[in-house]
Amino acid sequence: MSQEFTGLRPDLQAWMLLQRTRALLFRCEDRAVGKFGLTAEQYSVLGAVKLLDDPVRPTDVARVLNHQVSIVSNIVDRMVSAGLLERVRDLPDRRAVRLIITAKGENAFKPANSAASNLVEEIFSALSQEETDTSIRLLGVIRDRAHRHLSSGE
């Protein structure tokens, strides 16, 4: 563990390490997908659109990415301007907007997804399968506790 965290309570050490690790992983992902003309945020939005069943609304993407709708809307605005996504009015409810990946978005996402997958494999190769399984379990516990914290309004 980094020397800069010594002297802190173990929970604060873990918190700081999680925060820094998240930032580093985001930068790694940004570099990996950047080679294909995407930012990590754009890659995440495209991945969420592909993951969800049609019709995909910006609110659905925000829920999957655990972002505020306004943040996702800003990212989507830039992606529409860049030709990566299209906004289409929903036929049953003309007020609703759904998101569709353009050919340009697909052409960027496919190789970026492969690069991101290789990145994940490279980073997690430092762990055994048992360590990976333990990490998944522990991070799930922390995530669930954070959700409960937000839900309770603490």
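### Notes on the overall build of the chain
Part 1 of the argument: Of regular secondary structure, the chain possesses six helices and two strands.
Part 2 of the argument: Once the C-alpha set of the chain is aligned to its principal axes, its extents read approximately 55 × 40 × 25 Å.
Part 3 of the argument: Looking at the chain residue by residue over its 154 residues, the buried ones come to 25%.
Part 4 of the argument: Long-range pairs, those at least 24 residues apart, make up 41% of the contacts in the chain between residues at least 6 apart in sequence.

### Observations concerning the nonpolar core
Part 1 of the argument: Of all hydrophobic cores here, the largest spans 23 residues; its most connected members are Leu38, Val45, Val49, Val61 and Leu85.
Part 2 of the argument: Of all elements in the fold, only α2 (40-51), α3 (58-65), α4 (69-81), β2 (97-101) and α5 (103-124) reach the threshold of two or more residues within this core.
Part 3 of the argument: Considering every element that reaches this core, the biggest residue donor is α2, with five residues.
Part 4 of the argument: In contact with Val49, not counting residues within four places along its chain, are Val56, Val61, Leu85, Leu99 and Ile101.

### Observations concerning the packing of helix α1 (residues 10-34) against α5
Part 1 of the argument: Packing of α1 against α5 brings their axes to within 9 Å, and their N-to-C directions diverge by 140°. The orientation of α1 relative to α5 falls into the category oblique. The hand of the α1/α5 crossing is right-handed. Seen from α1, the contacting residues are Leu25, Cys28, Glu29, Ala32 and Val33; seen from α5, they are Ala112, Ala115, Ala116, Leu119 and Ile123.

### Some points on unusual backbone geometry
Part 1 of the argument: Residues Asp54 and Pro55 are joined by a peptide bond in cis, for which omega reads -5°.
Part 2 of the argument: Its location among the elements puts Pro55 in the loop between α2 and α3.
Part 3 of the argument: A positive phi angle, near 60°, is found at Asn66, a position not held by glycine.
Part 4 of the argument: Tracing the backbone through its elements, the reader meets Asn66 in the loop between α3 and α4.
Part 5 of the argument: On the accessibility criterion, Asn66 (54% relative accessible area) is exposed.

### Some thoughts on the packing of aromatic side chains
Part 1 of the argument: Summed over all chains, the structure comprises one aromatic pair.
Part 2 of the argument: Seen from their ring centres, Tyr43 and Phe109 are 5.4 Å apart, and the 20° between their planes marks the pair as stacked. One end of the pair, Tyr43, is in helix α2; the other, Phe109, is in helix α5, and 66 residues separate them in sequence.
Part 3 of the argument: Looking at Phe109, the relative accessible area reads 7%, which means it is buried.

### Details of the packing of α2 against α3
Part 1 of the argument: Between α2 and α3, the least distance of the axes is 9 Å, while the angle of their chain directions is 110°. Taken as axis vectors, α2 and α3 run roughly perpendicular relative to one another. Between α2, through Ser44, Val45, Ala48, Val49 and Leu51, and α3, the contact on the second element is made entirely by Val61, Val64 and Leu65.

### Focus on the pattern of salt bridges
Two side chains that carry opposite charge are able to pair once their charged atoms sit near each other.
Part 1 of the argument: On inspection of all chains with the given rule, the structure shows seven salt bridges.
Part 2 of the argument: A salt bridge links Glu41 to Arg78, with the nearest nitrogen and oxygen atoms 3.7 Å apart. One end of the pair, Glu41, is in helix α2; the other, Arg78, is in helix α4, with 37 residues separating them in the sequence.
Part 3 of the argument: Residue Arg78 is classed as partly exposed on the basis of its relative accessible area, which comes to 46%.

Quick notes on the rules
- Residues numbered from 1 in each chain as written.
- Predicted model: local features only at pLDDT ≥ 70, side-chain atom pairs only at ≥ 80, totals over all residues.
- Heavy atoms only, no water.
- Helix = DSSP H or I, 4+ residues; strand = E, 2+ residues; numbered from the N terminus.
- Buried < 20%, exposed > 50% of the residue type's maximum accessible area, 1.4 Å probe, protein only.
- Contact = heavy atoms within 4.5 Å.
- Core = buried A, V, L, I, M, F, W, Y, C linked by side-chain atoms within 4.5 Å.
- Axes fitted to C-alpha atoms, helices over the stretch in contact; angles between N-to-C directions.
- Parallel < 35°, antiparallel > 145°, perpendicular 65-115°, else oblique.
- Left-handed = near helix turned anticlockwise from the far one by under 90°.
- Phe/Tyr/Trp six-rings, centres within 6.5 Å; stacked < 30°, edge-to-face > 60°.
- Salt bridge = Lys/Arg side-chain N within 4 Å of Asp/Glu carboxyl O.

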